[in-house]
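Chains, contacts and geometry: an overview
These are the residues of each chain, in order.
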Amino acid sequence: MAFALLLSYTASAQDITSVHGTVSDEMGGLMGATVCEVDGTGRIINSAVTDLNGNFTMKVKNTKDKIRFTYVGMSPQVLPINKTTYNITMKSATTLKEVTVKSKKRAQGNGLPIPERELSYATQTISMKEFEGLGITSVDEALQGRIAGLDIIGNSGDLGSGSTMRLRGVSSLSSLTDSNPLIVVDGNIREVNLADFDLAGANNEKFAELLNINPEDIAEIRVLKDAASCAVYGSQGGNGVIELTTKRGARGKPKLTYSLKLTGTHQPKGYDLLTGDDYTMMLKEAYFNPYQDDNASDIPEISYHTSDAEFRDWRQYRANTDWRDAVTQTGLRQNHYVTISGGGEKASFRIGGGFDHETGTIIKQKLNRFSTRVALDYNVSERIRVSTNFSLTYTKNKMNYDGLLDIAQKKMPNMSIYEYSPTGEVVGYYTMPREGPYAGSSVFNDDQKKYVNPVASANLAKNDRRTYDMSPELVINYRLLGTDEDHHRLDYRGSVYMNIFNQYDDKYYPWELTPLNYNADINTSYRASSKSVSFNTKHTLTFTPRFTNKDHEAMFMGRFELTSGSSNGQSTNAKRLATGVENPSAAGLGLEPGSWYNQWRSMYYTFSTHYSYKGRYVVDFTVRVDGTTKFGPGNRWGYFPSGSLKWIISDEPWMQKLKPVLSMFAIRPGWALTGNQPNQNYLYTSKYGTVSNYIDMGAMAPLNIRLTDLRWQKKSEFNGGIDLAFFDDKIRLTIEAYHATITDMLMPNYRVPSSVGFTTVPYRNSGKMRNMGWEFHITTNRFIKKGKFYVDMNANFGNNRNEILEMDEYVLNNLNSTYDYKNGETLRRVQLHNPFGAIYGFKFKGVYTHNYKTFVNLNLSDEEFKQFTQGTLPDEWYADHGWEKRPYTAPVVTGPDGELIREADGTPKRMRYDYRSDGTGHTSSHQGFNGGDAIYEDANYDGNINALDISYLGSSLPKLTGGFGFTFNYGDWRLSTQFTYRVGNKILNLARLNLESMIGNNNQSQAVNYRWRKEGDVTTMPRAMHGENEAYNSLVSDRYVEDGSYLRMSYAQLSYAINKKYLKWIGLNRVSFYASINNPFVITKYSGVDPDISQSGYDPAIDRAQTPRSRSYTLGITVDF
Amino acid sequence: MIKRLTSKITVIGYCLLVIGISSCSDFLEIPSRSEIILEEFWNEKNDVDNVVAGCYSRMQGEDVLQRFIVWGECRADNVKAGNRIDRDANLDNVLKENITTKNPYTGWDGFYSVINRCNTVIKYAPGVAAVDPGYTESELKATIAEVSAIRDLMYFYLIRTFRDVPYYTYAFTDDDQPMDLVPTPFEAVLDSLITDLEVQQNNAMKRYAITDTYYQTGRITKCAIWAMLCEMYLWKGDYDNCIKYADLVINDKKDLLKERPNISSSISGSSNDSRTNGFPLSTGGLSGSSYGSFYEDIFTSGKSVETIFELLFSPLNKSLAGRNGSGWPGNYGAGRLYGYASSSAMNDAFLDVSSVVSGDGGRTSGRSVYANENYYADSRLYINSNQGTGDAIRKFVTQSVMVGQASNHTSKPSVNYGTYYTHSVVNNVDYYENSSSWVIYRMADILLLKAEALCQKLQEGSTQEIVAYNTPYLDQAFTLVNAVNKRAVAQPISSLTDTLQRSKYNTKSEMEELVLKERQRELMFEGKRWYDLVRRSMRDGNTDVLCEAMANRESTNASYVNNFFGNSGTGMWAIFWPYNDEETKVSANLAAHQNPAFSSGETNIQK
């Protein structure tokens, strides 16, 4: 029997052509149950249905296939085809124990696909879904105010320049690396290194990257904040990381999307400046006052002459030109973007292409940008997937040659833009002649004469830049072992990424802007081209073991990465070109070619592991090894380990009762070591380079002192975080605190005694700094909901403090500027164990109403003096002098109780400025204070305003910074708003100081119209005094220290999506409209244009009149076909 | 299955290993292209020559050449503030004797940079000689003598300016070498310099090839070392040696003229011998309207036979772009400080002639430098400052000065100034297109140094015995001074009326006074005057002569000068400069030895 059975089995297994049998349950035969033959992929080959008694017969095509029995309400059974008769008893599915389907959202954490819930680092993610249908024009705009601890500082206002960002304060005080966070796009770091060439442009380049990515292409932005999360980036991630993930094609039929944004931008005005008439009046006084002599103020440019005989150029100096108005305009921006995406089982794609056209808020700025991004995925087999990505951005930027806005702020407003002929016709732009017979005054030689006519510069000078930025990438994913969670998995990912960047500059400066004689350097031209090519390859193996005990979960990742790149460029400079010729190689004179070359390489090894037990105890460990060419053989490799833990307390069984309220409660401590490297090669050896020649001998010289023990700068950071979520994740809240210690700080240009032949060594590892702070952020998920209406909000705030713990005494000495007693000079004091950002200066107490001599001649008694200052002398006294009855002041020394201090001979002692008995003070040029001068508090009553009277005026560190936003949804309508704020910080407003100082020829703010003009004037605006050393009325004092607290609306956007059902008939899937406004208002007491000024480096927050961020209005439409 | 897996892992593992480990150390070595690293340098003679040239060109840098002027002239009585002084408050403070340790003109980094380059050559050149057969032993010795002399010259400037300075003769190449050096006393440094030069004079180049037109004056020669020794012995107070080396220099120049008779047209004929008393001074065309043409020969053309050592600058109309680049630079220092003419006669300068040179506003009196001598007939009056169209420095500013014949000391000859050096502004950067040579030693200087040494041989008193002893020395000294003086008189040698009278100088103090004054007249604006006053003060042990000279300046007043330099405690310190604040901040040793006469200009600031 057994033998027969065996026989039949072997026979049947080979040539079974049909099967039959019955399907039944506990009650008996089942009618209508389905029997199918299915192949390995689940495709149905044959099928049959049981009859009334549950019997069936079915033909079989291939015995390698399987047979499947299904019936509603019963669990299906799948059996191999190895017999001809099947008598199946189905079991009810309802009797099975409950099955819950768990899916975990996975995030790439330290290169591992870690479930988001188990992330043990400080990160914050923004999905671009939140912005769907909204008109975000750039990534930094999307990040504005959304990330706790991320400070976005406004950009320069020029087209194509990005913002500056600081994550958790500065981690490095030196300028050796820029302090911006690292930007990673799909795991790749853009390596463009033109820094050797154009230092000023380096920052712009960095952020061009962000600008080159169209927001439409971004799927998600993740900001990595603590060192543990940045650990996989080793020494590159020292300033934090912003990771961008771009969208890829998805299965489905091809989808075409078109979006258009139209944006208008304009510059906020700033301080009102003097008109031509006010300016000439002010300048006349400023030149008259120091000498009390009309000859000193007899300057033809401001004298409104009326004939050629008096002043040849008189026609040009009678205007009321608003230079600022003349160079600003409303900028317009159009962004067009088209994407097509789709895919099938085997392949998917996404292709995007965009064209941007912008005109700037400053005249004649124009930018055109074409960008495209292609993502293709192809599944070669179940195990192998090949992806290729390509992006290209072409930018043509017509820039201004000069900083026009800056010049416009200073330029004399009584000068006209155009030159008029005697008959009143415009003959060209007017610029002060700098040479030749010029009847004008030489007082303008050093300033006004050097300021080019900004309107002329905009129209006549050329400064064009074209860039091509290409990044192709090829990725292979290979699943070496299992393909699902039931097997051990070992996945390999290999990628090759290149970055090609070409830049062409073309500049021309015509003679009209430099009115010099022909022998001088006029008609200058500059052309340059530079290119940078970098190559990066990464090889990653990820191993995910399968544990039979499902409580354990672990992942291991090993990665090798190699980067190599080079950049080079050449430039040609020429001068004295024939007018009209712009090509420098056509130069007869002064052709100056130049070239440069730069190369870099690095190598990284990374190992990362993640382990979790019961999904609630999590351990992460990462170590990265960086190799760089910057250090000598001994210190070439840096080791950067990190570890972090997470305990999801809310998942503990004993917390389950709280689950409905507290859906998440987790704590996560972490620690990591990251590093930083210098930006030069070969510091560990002596370098020789060419120097100025001598006679006919080529000359070389040693360029540096060899650094024998240059080491990595190291940052050790502890981070503690608490994640909280309430009401089924309706409200999510994160609190982070961090404490970072930076050791072996790389101090660049370390000063050494110059008797060694060099004044500095390029770097020295010196000092220790602490950076600590905390952050808080909260987001909601349909927090308030009523029918079609729901509201969401996000809020974050944080605080950061930097402090130097140890520093070489010499370095510290050199950091602290020595006070030179100059107008507008800021005093920097860096002290150990004190946070940065303290502002020091004098205390301003108003303006002296009367001259010293006038006061002395009054011959007041001590008692009368008190009454004089209080305005309580008898009425007759005032009547006698013809003065108004009010408190007056005079530049005399007073004691602690306001009593008059007299010299030995009884005359009142005059208030002096920086008087020193050895004659080294400012006594020789300044005879003491007088009427109309600023009153500074004489803190020690010594009758001498000097360094001893300087006191602490406040801290520029905010008590709190952050942002918040609300989103209101109603059906197809959405209103989204975002605000940023800063509280409790002081700003030193040097911009205002310079606009109110009245010591030079630059235009001033209208506030100076309230200046002291004659004795008895009671005002807080000192008199006009031309000259740096004539008066000291604009010393840094609390007069310029302002409260920098503000609340800004970053943007408000209203969007509307037309309901699909109204679109069907024209074949569209989606049409959405939006309107948004950026920076509509700022609520602040700060008098400047933009209070968004933060402390940086060693200095306090100083407003140096940077270009304010522009205001913009956007209208947009997105159509899905 | 497992086997397949392991093999796959092994393959990938090997790949990674091959890519990573095997090549990693090589991979992280990048060949440098814009610079050469030490390991690849110092292989051949050419490398040595290049760095030697780097030593010279470093002296032409702004922070060395301008210091020659500022240290040598700006505290003394030849100059006052020019109309551009408002652009340089620090220079203004130097002129006003308001020098603090913060004043950047107290910085010496350029000088030590030259010193370190020289020491680097001395360190590595022997290694090159060992590997390059084309670099002979004698060439190596000549190289070392050349750079040692440059180094010693730099130290000589430093000690005359700061008194005690850090002194060392090894190269600084590594950051682990001790850098905070104790300043070495003046006398010790001076002795070391003399000792070194005494050795190096034997190895130095005597004659450069005649085809290398500019080398004989533009680079260190035996003669240049003798000139340095001559001056150093004078500072040391060793007058016999000073005279000895002065004679070596004079004879060497005479030999050179015999060897290379065609080298110069500017010394010709016996008629000029009577003018220069036989000394090899430049005299080209001293006749008609070209009195003063020796000026052009020395300063504009360069390589004059009178010159012993000078720094040569790129001639005009060649590329002057290399001020910060690698070309042969122009004389930025002289151009900036002494001015330029932007169109006609306008002189836009940081420095101007003081009234000891130009006299009162009407230029009729108070011209104390020339007062008791040949007055209007002295062509140096017009070389130094333009008389008639506003006071301004002309030396180093114009390319030639043509002085006509003067009939007597009260009538002014005709004066013609040649082309002026120009100036341009590109992108708000000033370019001073000046190419005049910066002469460090020339024959007139050596003659007057010898005269000064001879004065020191004189004895005080008027006994017959002393007079008999003094007369030959007085005669010798007068011949020297008179040679320099006569060359400048704008009169034909046949009818020389306005010249010095030997009979007026019969005592030590009279002759000393004459030499000092003649040095001032002859070497005006050449960076010598202040050092003459310092040397005099050190020799006298008091600052009386210095105070007397300084009393005539317009930038300071006599009472201030007397207080400052006459101070019994710090007066002798005041003639030197303080160490720069930036240096004392990073060097405790310098801070401990700071010059007590100067303050930091800072009062303590509240913390």
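For the structure given in this document, a descriptive report is provided here. (Residues numbered from 1 in each chain as written. Chains lettered and ligands numbered in written order. Predicted model: local features only at pLDDT ≥ 70, side-chain atom pairs only at ≥ 80, totals over all residues. Heavy atoms only, no water.)

Take the overall build of chain A next. Scanning chain A for helices and strands turns up 13 helices and 55 strands. Taken over 1121 residues, chain A has a buried fraction of 54%. For chain A, the share of sequence-separated contacts (at least 6 apart) that also reach a separation of at least 24 residues comes to 70%. Working note: accessible area of chain A is about 47,500 Å², and carbon and sulfur atoms make up 54% of it. (Helix = DSSP H or I, 4+ residues; strand = E, 2+ residues; numbered from the N terminus. Buried < 20%, exposed > 50% of the residue type's maximum accessible area, 1.4 Å probe, protein only. Contact = heavy atoms within 4.5 Å. Areas by Shrake-Rupley, 256 points an atom, 1.4 Å probe, with all protein chains shown as cover.)

Summed over all chains, the structure comprises 78 aromatic pairs over all chains. Taking 5.9 Å as the distance between ring centres and 50 degrees as the angle between the ring planes, the aromatic pair formed by A:Phe69 and A:Tyr86 counts as tilted. Of this pair, A:Phe69 sits in strand S6 (residues 66-70) while A:Tyr86 sits in strand S8 (residues 85-89), placing them 17 residues apart in sequence. For the pair formed by A:Phe69 and A:Tyr86, the shared burial category is buried. When the ring of B:Tyr56 is compared with that of B:Phe309, the centres are 6.3 Å apart and the planes differ by 55 degrees; the resulting orientation is tilted. One end of the pair, B:Tyr56, is in helix H2 (residues 45-59); the other, B:Phe309, is in strand S3 (residues 307-311), with 253 residues separating them in the sequence. This pair shows no difference in class: B:Tyr56 is buried, exactly as B:Phe309 is. Between the NZ or CZ atom of A:Arg782 and the centre of the ring of A:Tyr790, over which it lies, the distance is 3.9 Å. Just above the ring of B:Phe350 sits the side chain of B:Arg336; from NZ or CZ to the centre is 4.3 Å. (Phe/Tyr/Trp six-rings, centres within 6.5 Å; stacked < 30°, edge-to-face > 60°. Lys NZ or Arg CZ within 6 Å of the ring centre and 35° of its normal.)

To continue, consider the packing of helix H10 (residues 239-259) of chain B against helix H16 (residues 443-457) of chain B. Residue and element names in this part refer to chain B. Closest axis-to-axis distance for the H10/H16 pair is 9 Å, and the angle between their directions is 150 degrees. On the basis of their axis angle, the class for H10 and H16 is roughly antiparallel. Regarding H10 and H16, the two cross each other, and that crossing is left-handed. Contact with H10, carried on its side by Tyr239, Asp240, Cys242, Ile243, Ala246, Asp247, Val249, Ile250 and Lys253, involves Met443, Ile446, Leu447, Leu449, Lys450, Ala453, Leu454, Gln456 and Lys457 of H16 and no other residues of that element. Looking at the contact of H10 with H16, its residues break down into 12 nonpolar, 1 polar and 5 charged. (Axes fitted to C-alpha atoms, helices over the stretch in contact; angles between N-to-C directions. Parallel < 35°, antiparallel > 145°, perpendicular 65-115°, else oblique. Left-handed = near helix turned anticlockwise from the far one by under 90°. Nonpolar A, V, L, I, M, F, W, Y, C, P; charged D, E, K, R; others polar.)

Time to look at a positive patch on the surface. A cluster of basic residues, A:Lys253, A:Lys255, A:Lys1060 and A:Lys1064, forms a positive patch on the protein surface. Assignment of secondary structure puts A:Lys1060 in the loop between strand S52 (1046-1058) and strand S53 (1070-1078). (Patch = residues over 30% accessible without salt bridge, like charges linked within 9 Å, V, L, I, M, F, W, Y side chains within 5 Å. Salt bridge = Lys/Arg side-chain N within 4 Å of Asp/Glu carboxyl O. Lys, Arg positive; Asp, Glu negative; His and termini not counted. Charge placed at Lys NZ, Arg CZ, Asp CG, Glu CD.)

It is worth spelling out the sheet that holds strand S3 (residues 34-38) of chain A at this point. Residues and elements named next belong to chain A. Taken in spatial order, the 4 strands line up as S4-S3-S6-S7 in an open sheet, and their pairing is antiparallel. The strands lining the two open edges of the sheet, one partner per strand, are strand S4 (44-49) and strand S7 (77-80). Sheet twist, expressed as the average angle between the axes of neighbouring strands with direction ignored, equals 20 degrees. Note that S6 and S7 share 4 bridges and pair antiparallel. From the neighbouring strand, Phe69 faces S7, where its bridge partner is Gln77. (Pairing = 2+ DSSP bridges.)

Below, the discussion takes up the pattern of salt bridges. Under the definition given, this model contains 82 salt bridges over all chains. For A:Arg222, the salt bridge identified is with A:Glu220, shortest N-O distance 3.8 Å. Looking at A:Arg222, the relative accessible area reads 6%, which means it is buried. For the salt bridge of B:Arg529 with B:Asp77, the shortest nitrogen-to-oxygen distance reads 2.8 Å. With B:Arg529 in helix H19 (residues 529-540) and B:Asp77 in the loop between helix H3 (62-73) and strand S2 (79-81), the pair connects residues that are 452 residues apart, well separated along the chain. Connected through shared salt-bridge partners, B:Arg160, B:Glu231, B:Asp445, B:Glu452, B:Glu512, B:Arg519, B:Lys528, B:Asp532, B:Arg535, B:Arg536, B:Arg539 and B:Asp540 make up one network.

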